Amino acid sequence: MKPLSKNIIFFVLSILLITAIFSTYTLSGEKPKDVGISTLVEQIKKGDVVSIDVTGNDLEIHLKNEDQTKKQPSEKTRKESGEPLSELLTRYGVSTEQLQLIQITVRDESRQAFFFNILLSSLLPLALLGLIFWFVIRQLQGANSKAMSFGQSGAREVSTKDKDRVTFKDVAGAIEAKEELMEEVEFLKNPKKFVDLGAKIPKGVLLMGSPGTGKTLLARAVAGEANVPFFHISGSEFVEMFVGVGAARVRDLFSKAKKNAPCIIFIDEIDAVGRQRGAGLGGSHDEREQTLNQILVEMDGFDPHIGVIVIAATNRPDVLDPALLRPGRFDRQVVMDLPDINERLEILAIHAKNKPIESNIELRRVAERTPGFSGADLANLLNEAAIRAARHDRKIILMEDILDSIEKVLLGPERKSHILSKQEREVTAYHEGGHALVANQLPHADPVHKISIISRGRAAGYTLKLPVEDKKMHARAEFIDDLAVMLGGFVAEREVFGDITTGAGDDLRKATRLARQLVTRYGMSSNLGPRTFGEREEMIFLGREIHESRDYSEKMAEKIDEEINGLIQQAAETAKKILFEERGRLDAIARTLLKKETIEREEFEALMKEDYANKKT
Ligand code: ADP
Ligand code: MG
Ligand code: ZN
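Residues numbered from 1 in each chain as written. Chains lettered and ligands numbered in written order. Predicted model: local features only at pLDDT ≥ 70, side-chain atom pairs only at ≥ 80, totals over all residues. Heavy atoms only, no water.

**Q** Would you take a moment to explain the overall build of the chain for this structure?
**A** Assigned secondary structure in the chain consists of 22 helices and 16 strands. For the chain, with 617 residues in total, the buried portion stands at 41%. Contacts in the chain between residues far apart in sequence, at least 24 positions, make up 72% of those at least 6 positions apart. Just so you have it, the chain exposes about 34,700 Å², and 54% of that area is on carbon and sulfur atoms. (Helix = DSSP H or I, 4+ residues; strand = E, 2+ residues; numbered from the N terminus. Buried < 20%, exposed > 50% of the residue type's maximum accessible area, 1.4 Å probe, protein only. Contact = heavy atoms within 4.5 Å. Areas by Shrake-Rupley, 256 points an atom, 1.4 Å probe, with all protein chains shown as cover.)

Pasting the structure below:
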């Protein structure tokens, strides 16, 4: 509604301007003096009056000594309507002779006055109203035509011109993905070459991978490499309030694309429409099904030779309808993994290129410290670092900016204002010390990189542990040690202070979840054997996803609980044993933390090398 209000403001302003001009016009020159009838009669009797102009009931009086340069009467007055002027004057005692000396001109209410009176008093408001109506109606029509365009796809054509153009160079890592897509690029560049050989190029490519792994980026890069138009639409945009809109949009999108061939259609987040049909209770699945069917029909329908390639992206390939993955549709599937350390380094290098970064910075160290970060996380990390540098009024980004930002991205911002009491600080120091010490003593636990009792996000303190290398698989022994490390904080509080704080709650929740996964997902419990419990299923009920369906008995459920308890108990025992035997080390860590608040890896390792056997505190 913005343009409407703008129009009205403009309109009112111009009306004000016009009135202003008119009023200054009529104001120019001195106004005739208003006098009463009796004054007029007196003046007539004295013989001062030369002439009177009568217009309706208005009398304009010209006096003898009038300034002739002004084209205005000297005075004016009004009479009662209906009574002729001469009769009135006679009634006031003006003699016939005196009357004859005055030139009386009776005018029709002048045409000018008529014009102004009628126009200003009646036509102008009408015109005003009319204009306002016109503006409003025009707006409504605008909205209406928008309503009528529901069926249009609303796909955005992304420019592949110079500056915004993204190519494979801008996508770090993902070598296999790029290789797969290179074929499509070749085809888009020169469809004829392939057609002449009778080769069929897959028309659908599905990019799968967790959020932020660069799916959208890669799809744009394909368009950029091939230098063809790129139509971008998100799966959720197909689905509107009205049933049937999604299907209409799909039709429109494909017809638009065919006109622009060779080109790329990119359907982002296709799981929004491409979920398995029939899954889900109530709600919008009818509309989704129609939309999905239309996508399938369009994909089957178009000639593979015209040079339209459909790329879709999803981070939930498990929920997609199998019909989408059939040959002839999205039969080429490209997996985008989270980057490994070398890929992380490349991504960092790409995003560091246009930022002023300290020259001797070791991006590899950053890559080492960021396992599990996606490309988007890394881009965000460097951005946070730049913001931090700016807030410290520096012109370049230092290593400390980046390192601090890693922790910020992982754990939330530092909370300097969150001051712990002396007691809380001690508990936190022993809690984090417990995690760190257990991690240090267990062979399969990740090494400790940093311990801190400065609160961040929701945690009072934190222990940063990082794996030595990126791993895709984990062994049972690692999980068991991890559980003990998770419980290290809890056990330390219990053993040292004889009491437990709420600070351990989050650790316990994580430990319980991990233990449950060991038992139900990975078959890592020796008592229950190699099977999984519970089937992940996609059901949408009242907007909530329900994941688990039970495929085991009530008795089994009890056993699972027992197993989980056993694992956690065992982990607590392990932690307790370590903390008891190495109490000297634990005290040393806590003491150092209370003094310095943070311990970096080198210092921690030095601290652990010392011999505490004889130094009981
Ligand atoms: P997705 O679509 O998989 O969720 P995006 O393609 O939107 O992820 O990635 C988000 C951002 O992360 C990109 O704009 C880019 O800045 C960065 N990014 C992700 N992966 C990479 C990569 N492999 N190389 C360079 N930048 C990347
Ligand atoms: Mg995306
Ligand atoms: Zn903890």
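Here the narrative resumes.
**Q** I would appreciate a short explanation of the site of ligand 1 in the present structure.
**A** The environment of ligand 1 is formed by 15 residues, the closest being Ala172, Gly212, Lys215, Thr216 and Leu217. In this structure, a nitrogen atom belonging to ligand 1 sits 2.9 Å away from a main-chain N or O atom of Ala172. Leu217 places a polar main-chain atom, nitrogen or oxygen, 2.9 Å from an oxygen atom of ligand 1. Protein chains bury 79% of the 560 Å² of accessible surface belonging to ligand 1 in isolation. The set of elements that each furnish at least two residues to the shell around ligand 1 consists of helix H8 (215-226), helix H13 (341-352) and helix H15 (375-391). Classifying every residue of the shell around ligand 1 gives 7 nonpolar, 6 polar and 2 charged. Taken domain by domain, the shell around ligand 1 gets at least three of its residues from each of domain 2 (156-336) and domain 3 (341-410). (Near = heavy atom within 4 Å. Polar contact = N/O pair within 3.5 Å; in protein donor to acceptor, adjacent residues only side chain to side chain. Nonpolar A, V, L, I, M, F, W, Y, C, P; charged D, E, K, R; others polar. Domains from an automatic or database assignment.)

**Q** Help me understand the pattern of salt bridges, please; the structure alone is not making it clear to me.
**A** Here the idea is simple: oppositely charged side chains can pair when their charged atoms come close. Under the definition given, this model contains 29 salt bridges. Its salt-bridge partner being Lys193, residue Glu186 comes within 3.9 Å of it at the nearest N-O pair. A relative accessible area of 31% places Glu186 in the partly exposed class. Among the residues examined, Lys193 registers a relative accessible area of 44% and is labelled partly exposed. For the salt bridge of Arg494 with Glu495, the shortest nitrogen-to-oxygen distance reads 3.4 Å. The exposure class assigned to Glu495 is partly exposed, which follows from its relative accessible area of 36%. (Salt bridge = Lys/Arg side-chain N within 4 Å of Asp/Glu carboxyl O.)

**Q** What exactly am I supposed to notice about the coordination of the zinc ion (ligand 3) here?
**A** Note on metal geometry: ideal angles are 109.5 degrees for four donors arranged tetrahedrally and 90 or 180 degrees for six donors arranged octahedrally. Taken together, His431 (NE2), His435 (NE2) and Asp507 (OD) make up the full set of protein donors to the zinc ion (ligand 3), lying 2.0 to 2.1 Å away. For His435, a relative accessible area of 7% corresponds to the buried category. (Donors = N, O, S within 2.8 Å, 3.2 Å for Na, K, Ca; no water.)

**Q** It is not clear to me how helix H2 (residues 37-46) should be interpreted in this structure. Could you clarify?
**A** It helps to recall that an α-helix has 3.6 residues per turn; residues three or four apart then point in one direction. Of the positions making up H2, those classed as buried are Ile37, Leu40, Val41, Gln43 and Ile44. Buried residues of H2 fall within an arc of 165° about the axis and therefore sit on the same side. Of the residues in H2, the exposed ones pointing more than 90 degrees away from the buried face are Glu42 and Lys46. Looking at the buried positions of H2, the neighbouring elements they touch are strand S2 (49-55), strand S3 (58-63), strand S4 (75-78), helix H3 (85-91) and helix H4 (96-101). Immediately beyond the C-terminal end of H2, within one or two residues, lies Gly47, with a positive phi of roughly 85°. (Arc of directions from axis to C-beta.)

**Q** Would you explain the UniProt feature "binding site: ATP" (unreviewed entry) in the chain in this entry?
**A** Those places that UniProt annotates as "binding site: ATP" (unreviewed entry) correspond, in this numbering, to Gly209, Ser210, Pro211, Gly212, Thr213, Gly214, Lys215 and Thr216. The residue Ser210 is located in the loop between strand S7 (204-209) and H8 in this model. Overall, Ser210 belongs to the partly exposed group, its relative accessible area being 29%. With residues up to four places along the chain from it excluded, the contact list for Ser210 reads Lys215, Asn315, Met336 and Leu338. (UniProt positions renumbered as here; feature names shortened; annotations may be inferred.)

**Q** I'm lost on the packing of H13 against H15 in this one. Help?
**A** Two quantities define a packed helix pair, namely the angle between the helix axes and the distance between the axes. Two numbers describe how H13 lies on H15: the axes approach to 9 Å, and their chain directions differ by 45°. On the basis of their axis angle, the class for H13 and H15 is oblique. Both H13 and H15 take part in a crossing whose hand is right-handed. Residues Arg344, Ile347, Leu348, His351 and Ala352 of H13 form the contact with H15, whose own contacting residues are Gly375, Leu378, Ala379 and Leu382. Partitioned by chemical class, the residues of the contact of H13 with H15 number 6 nonpolar, 2 polar and 1 charged. (Axes fitted to C-alpha atoms, helices over the stretch in contact; angles between N-to-C directions. Parallel < 35°, antiparallel > 145°, perpendicular 65-115°, else oblique. Left-handed = near helix turned anticlockwise from the far one by under 90°.)

**Q** Would you explain the sheet that holds strand S12 (residues 448-452) in this entry?
**A** Note on sheets: strands pair through backbone hydrogen bonds, and any given pair is parallel or antiparallel. Strand order in the open sheet formed by 3 strands is S13-S12-S16, with antiparallel pairing between adjacent strands. Edge positions in the sheet fall to strand S13 (462-465) and strand S16 (598-600), since each has one partner strand and no second. Adjacent strand axes in the sheet meet at a mean angle of 10° when their direction is disregarded. Note that S12 and S13 share 4 bridges and pair antiparallel. Directly across from Ile451, in S13, lies its bridge partner Thr463. (Pairing = 2+ DSSP bridges.)

**Q** Please explain the side chain of Thr520 as it appears in this structure.
**A** Tracing the backbone through its elements, the reader meets Thr520 in helix H19 (residues 505-520). A residue is classified by how much of its surface remains accessible, and Thr520, at 5% relative accessible area, is buried. Not counting residues up to four positions away in its chain, the partners in contact with Thr520 are Arg531, Thr532, Phe533 and Ile560.

**Q** Whenever I open this one, the pairing of S4 confuses me. Can you help?
**A** Successive residues of a regular strand alternate their side chains across the two faces of the sheet. By the alternation rule, side chains of S4 split into Glu75 and Thr77, which are all buried, and Lys76 and Arg78, of which none is buried. Pairing of strand S1 (residues 33-34) with S4 involves 2 bridges; the strand directions are parallel. Of the residues in S4, the one forming a bridge with Asp34 is Lys76. As judged from the 4 bridges shared by S3 and S4, these two strands associate in the antiparallel manner. Bridging from a neighbouring strand, Leu59 pairs with Thr77 of S4.

**Q** I tried to follow the confidence of the model for the chain on my own but got confused; where do I start?
**A** When pLDDT drops low, the exact placement of atoms in the prediction is not to be read closely. In this model, the chain carries a mean pLDDT of 81, and residues with pLDDT of at least 70 account for 84%. pLDDT under 50 marks residues 540-544. Its contacts with residues more than four places away, or in other chains, come to 7 contacts. (pLDDT = per-residue confidence, 0-100.)

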